[in-house]
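Coordinates in review
The chain contents come next:
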Amino acid sequence: MNPDRTPLIAGNWKLNKTIAEAEAFIQSLLPRVGAVEDVEIVICPPFLALAAMVDSARGSAVGVYAQTMHEEDAGAYTGEVSAPMLAEIDVAGVILGHSERRQLFGETDRALQLKLPRALEAGLKPILCVGETEEERERGDTERKLRHQVQEGLEKVPGERLPEVVIAYEPIWAIGTGLVAKPEQAQDACAFVRALVEGFDKGAAAKVRVLYGGSLKPENAAELLALPDVDGALVGGASTDPAAFAEIVEIARRVRSGAG
Ligand code: PEP
């Protein structure tokens, strides 16, 4: 973690929590995190709970992001939600290219290339997810995969807006499996992602936040968050429990302050 970049801890709830359950979560989380300023905290509820979470989190340290969005503002895209629709209810950002969206719902690099600038134009902060499968890692193709995903995803982002993009390195073999990347694997991949951003703009690379995601929990958070090119985490399973999520935020604060 580099103290010049504000760490971001984002919780991806996936297909979990009704509105009532999301309310219970936020009422439990808010007193635990108080007025934290040294770490940015984000929750990403399912679409239907977004408006309620925005209202409940208003004025707090917790931001609310969506888990995906369509690249078009409107049209014949049954079941989809667009950037202006999210912005209208004060959603602050959006996860784009999560591996589950790519693998299960056919989200393509071509669509992501349009989604990133569209999100930024609408006032949404994008978190672009990238990462390799187990087979790609075993074949030695990790960097090739990351290069392709980062270069495609950032291709149409205006240079001056690059620092606003967050990139989450999420090895697919570590998502929801309990298998966490070794610190050197996470550091190498996050440093490589930052170097790819440098290929677009040197100044932006120093500012872009690169997150680690994949079975991160309170027990393994400190060593991952302490890595020099890791600026926070995208957390799945552990983010659905307010105590565990607040503990990860607290660990990020300690790491940032140098207290480990
Ligand atoms: C994720 O889905 O982005 C994720 C990191 O999940 P988990 O923490 O459960 O591995």
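Heads up: these notes are all about the structure in this document. (Residues numbered from 1 in each chain as written. Predicted model: local features only at pLDDT ≥ 70, side-chain atom pairs only at ≥ 80, totals over all residues. Heavy atoms only, no water.)

Here the focus is the overall build of the chain. What the chain contains, in helices and strands, is eleven helices and eight strands. The C-alpha radius of gyration computed for the chain amounts to 17 Å, which stays within 12% of the reference 18 Å derived for 260 residues, consistent with globular compactness. Taken across its 260 residues, the chain has 54% of its residues classed as buried. Considering only intrachain contacts with a sequence separation of at least 6, the fraction spanning at least 24 residues in the chain is 73%. (Helix = DSSP H or I, 4+ residues; strand = E, 2+ residues; numbered from the N terminus. Rg over C-alpha atoms; globule rule 2.2 N^0.38 Å. Buried < 20%, exposed > 50% of the residue type's maximum accessible area, 1.4 Å probe, protein only. Contact = heavy atoms within 4.5 Å.)

Relative to the 21 Å expected for 15 residues at 1.5 Å per residue, helix α1 (residues 19-33) spans 21 Å between its end C-alpha atoms, a close match to the ideal helical length. Listed as buried for α1 are Ala 22, Phe 25, Ile 26, Leu 29, Leu 30 and Val 33. When α1 is viewed along its axis, its buried side chains cluster within an angular range of 130° and face the same direction. The exposed set on the far side of α1, more than 90 degrees from its buried face, consists of Ala 20 and Pro 31. Gly 34 sits one or two positions beyond α1 and adopts a positive phi of about 55°. (Expected span 1.5 Å × (residues − 1). Arc of directions from axis to C-beta.)

Looking now at the pattern of salt bridges. Considering all chains together, one arrives at 20 salt bridges under this definition. The salt bridge involving Arg 118 is made with Glu 121; its shortest N-O contact spans 2.8 Å. Here Glu 121 and Arg 118 lie together in helix α5 (residues 109-121), a separation of three residues that amounts to about one turn. Exposure remark for Arg 118: the relative accessible area of 18% places this residue in the buried category. Residue classification places Glu 121 among the exposed positions, given a relative accessible area of 58%. Here the salt bridges do not stand alone but share partners, grouping Arg 5, Arg 194, Asp 229 and Asp 231 into one network. (Salt bridge = Lys/Arg side-chain N within 4 Å of Asp/Glu carboxyl O.)

This part takes up the site of the ligand. Among the 14 residues in the neighbourhood of the ligand, the closest are listed as Lys 14, His 98, Glu 170, Gly 176 and Ser 215. A distance of 2.8 Å is found between an oxygen atom of the ligand and a side-chain nitrogen or oxygen belonging to His 98. Contact between the ligand and Gly 237: an oxygen atom at 2.8 Å from a main-chain N or O atom of the residue. Protein chains bury 95% of the 290 Å² of accessible surface belonging to the ligand in isolation. (Near = heavy atom within 4 Å. Polar contact = N/O pair within 3.5 Å; in protein donor to acceptor, adjacent residues only side chain to side chain. Areas by Shrake-Rupley, 256 points an atom, 1.4 Å probe, with all protein chains shown as cover.)

Attention now goes to the packing of aromatic side chains. Going through the model one piece at a time under the given rule, you end up with three aromatic pairs. Measuring from centroid to centroid gives 4.7 Å for Trp 13 and Phe 25, while their planes differ by 70°, and the two rings are edge-to-face. In this pair, Trp 13 is assigned in the loop between β1 (8-12) and α1 and Phe 25 in helix α1, connecting sequence segments twelve residues apart. Consider the rings of Phe 25 and Phe 245, whose centres lie 6.4 Å apart with planes at 45°: the pair is tilted. Taken together, the residues span a long stretch of sequence, with Phe 25 in helix α1 and Phe 245 in helix α11 (residues 242-257) at a distance of 220 residues. (Phe/Tyr/Trp six-rings, centres within 6.5 Å; stacked < 30°, edge-to-face > 60°.)

One can describe the packing of α1 onto α11 by two numbers: an axis separation of 9 Å at closest approach and a directional angle of 30°. On the basis of their axis angle, the class for α1 and α11 is roughly parallel. With respect to the hand of their crossing, α1 and α11 are arranged in right-handed fashion. Mapping the contact onto sequence places Phe 25, Ser 28, Leu 29, Arg 32 and Val 33 in α1 and Pro 242, Ala 243, Phe 245, Ala 246 and Val 249 in α11. Here the residues of the contact of α1 with α11 sort into eight nonpolar, one polar and one charged. (Axes fitted to C-alpha atoms, helices over the stretch in contact; angles between N-to-C directions. Parallel < 35°, antiparallel > 145°, perpendicular 65-115°, else oblique. Left-handed = near helix turned anticlockwise from the far one by under 90°. Nonpolar A, V, L, I, M, F, W, Y, C, P; charged D, E, K, R; others polar.)

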